[in-house]
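What follows is the residue order along each chain.
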Amino acid sequence: MTGLEATNLAHRYGARVGLEPVSFSFGAPTAIAVTGANGSGKSTLLRIMAGLLRPSAGACRLTVAGRAASREEHRASVGFASPDLAFYDELTVAENLTFAANARGDRDAATSVRAALDRVGLGSRANDRVAALSSGMKQRLRLAFALMHAPGVLLLDEPSSHLDDDGRAALARIVADERQKRIVVIATNDETEGRLADQRIELRGRGLGHSA
Amino acid sequence: MPTSGSSSAAAVWAILRKECVSEWRTRYGLNAALLFAVTSLAGVSFAVGRLSDRVDVLAALLWVVLLFASLASLSHAFVREVEGHTLTMLRLVASPTAIALGKLLFNIVFLAVIEIVTVPLFVVLMGAPAIGGGFVLLLALGSVALACAATLVGAVIAQTRGRGALFAGVSLPLLLPVLAAAVSGTRAQWMGGSIAPDAKLLGAYAALLFAASLLLYDHLWED
């Protein structure tokens, strides 16, 4: 079973507070909404959970089968989609995902890519270059990237941004399905997205314009 | 699930292939490098003609052309990821060491392509002596050392402000030994002397840079 726990986790960007201390502990399966004002640290928290950012204080631990995950295991166990996640414009949709699958050591990359694209409704655009995609399609590609390797923890930062009604419906189906199997963390201020979760972390950061 | 070692090798190979496809489609570095090499050789050739009797000048000229033709692209291997916002994706699928090794291998391949075009042209236009096994060995060792130095510096400065100026400052002391040994060895080869001391120096320096890189790469980009 996959678990995610944090103890007095906090982060600063120089003098500015990025994330006020927060502690939690979750085990799969569950879905958690991370909410809070702009600048309260939602994206920072997800980047720390993904292993992309080292916290200034405290610790965030991912456990797999009851023991702390190594860095390699952590990377393999996390699916991450955020608005600032970009892909290679000169490669096609399928080539971007195939590259990611190959780099992760997936021996059946083509099947994983096809399944992920079909889940987010992007199967028909597999051979389009990323540069030709709309914002909504790029968001679907981010979701496919996060889902493709069936991670133990799915981290979604504002997952419905740029999505149309069909995309939002697909997202709701995906979260409803994934929350039965793994930990899904959704950073959002959108009540519709928030309702996809069954637990909530409310960040009470200082928000915009405050330092120290 | 793949083992750590096999997944690292898969990641390095995937990154190398991705770099090759991206470069082939965009020609970010290739066109500029080849344009520089061809125009600079043509310019020097028009100005001074063939320099068959000045192998000391030829040795220096060859390595200066190779260095400047390739350096802009080598140093931007990581900067392109930062400026294109694709570094996050890379970090999610591969370790920093695998990313850097993939980039290093691509830089070596890139240098080899530049050399395949530039060296024969250099021999024809500048009247350099025939290319032998010793010369190819020096070229290979010099290229690996050059790629190791440029990849290391490129990785370190990628997320810094003012990285252009920083690259020049940091890379100069790392590149000078490569340039000096490569020029010295090439001159010795073309004058009929022994290349062993310079080849050993280049090989040892490349190994040192590679070892230092392996120690450093896993601590990069931890914000």
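Note that the structure is a prediction, hence the values are computed from the model and not measured.

The helix and strand tally for chain A stands at seven helices and nine strands. Here the C-alpha atoms of chain A give a radius of gyration of 17 Å, agreeing with the 17 Å that 2.2 N^0.38 yields for 212 residues. Seen through its principal axes, chain A has C-alpha atoms that stretch 50 × 40 × 30 Å. Counting all 212 residues of chain A, 54% fall into the buried class.

Turning our eyes to something else, we now look at the side chain of Thr97(B). Structurally, Thr97(B) can be placed in helix α6 (residues 96-126). Residue classification places Thr97(B) among the buried positions, given a relative accessible area of 15%.

For the rest of this paragraph, the subject is the UniProt feature "transmembrane region" (unreviewed entry) in chain B. Residues and elements named next belong to chain B. Per the UniProt annotation, the sites labelled "transmembrane region" (unreviewed entry) are residues 28-48, 60-79, 100-123, 135-158, 165-183 and 203-221. In residues 28-48, the share of helix is 90% and the share of strand is 0%. The end C-alpha atoms are 31 Å apart. Within residues 135-158, the helical portion is 96% and the strand portion 0%, while the C-alpha atoms at the span's ends are 33 Å from each other.

This structure, assessed with the given rule, holds 20 salt bridges over all chains. Between Arg54(B) and Asp56(B) there is a salt bridge whose closest N-O contact spans 3.3 Å. Through salt bridges with shared partners, a single ionic network connects Arg119(A), Asp177(A), Glu178(A), Lys181(A) and Arg182(A).

What follows deals with helix α7 (residues 133-157) of chain B. When the terminal C-alpha atoms of α7(B) are compared, their 36 Å separation across 25 residues agrees well with the 36 Å that a helix rising 1.5 Å per residue should span. Burial of α7(B) is extensive: 18 of the 25 residues sit out of reach of the surface.

With that settled, the discussion passes to the interface of chain B and chain A. Contact with chain B, which involves 33 residues of that partner, is made by 30 residues of chain A. Across the interface of chain B and chain A, roughly 2700 Å² is buried in total on both sides, 58% from carbon and sulfur atoms. Area buried by chain B at its contact with chain A is led by Arg25(B), Met89(B) and Leu92(B), which between them contribute 27% of it. For the pair chain B and chain A, the number of links is one salt bridge. For Glu95(A), the salt bridge identified is with Arg25(B), shortest N-O distance 2.7 Å. Applying the counting rule to chain B against chain A returns eight residue pairs in polar contact (both at pLDDT 80 or more). Taken together, the elements giving at least two residues each to the side of chain B that touches chain A come down to α1 (4-26) and α5 (87-93) of chain B. Sort the elements by how many residues they give to the side of chain B that touches chain A and α1(B) lands first, with 14 residues.

Criteria and thresholds
Residues numbered from 1 in each chain as written. Chains lettered and ligands numbered in written order. Predicted model: local features only at pLDDT ≥ 70, side-chain atom pairs only at ≥ 80, totals over all residues. Heavy atoms only, no water. Helix = DSSP H or I, 4+ residues; strand = E, 2+ residues; numbered from the N terminus. Rg over C-alpha atoms; globule rule 2.2 N^0.38 Å. Buried < 20%, exposed > 50% of the residue type's maximum accessible area, 1.4 Å probe, protein only. UniProt positions renumbered as here; feature names shortened; annotations may be inferred. Salt bridge = Lys/Arg side-chain N within 4 Å of Asp/Glu carboxyl O. Expected span 1.5 Å × (residues − 1). Contact = heavy atoms within 4.5 Å. Buried area = accessible area lost by both parts, 1.4 Å probe. Polar contact = N/O pair within 3.5 Å; in protein donor to acceptor, adjacent residues only side chain to side chain.

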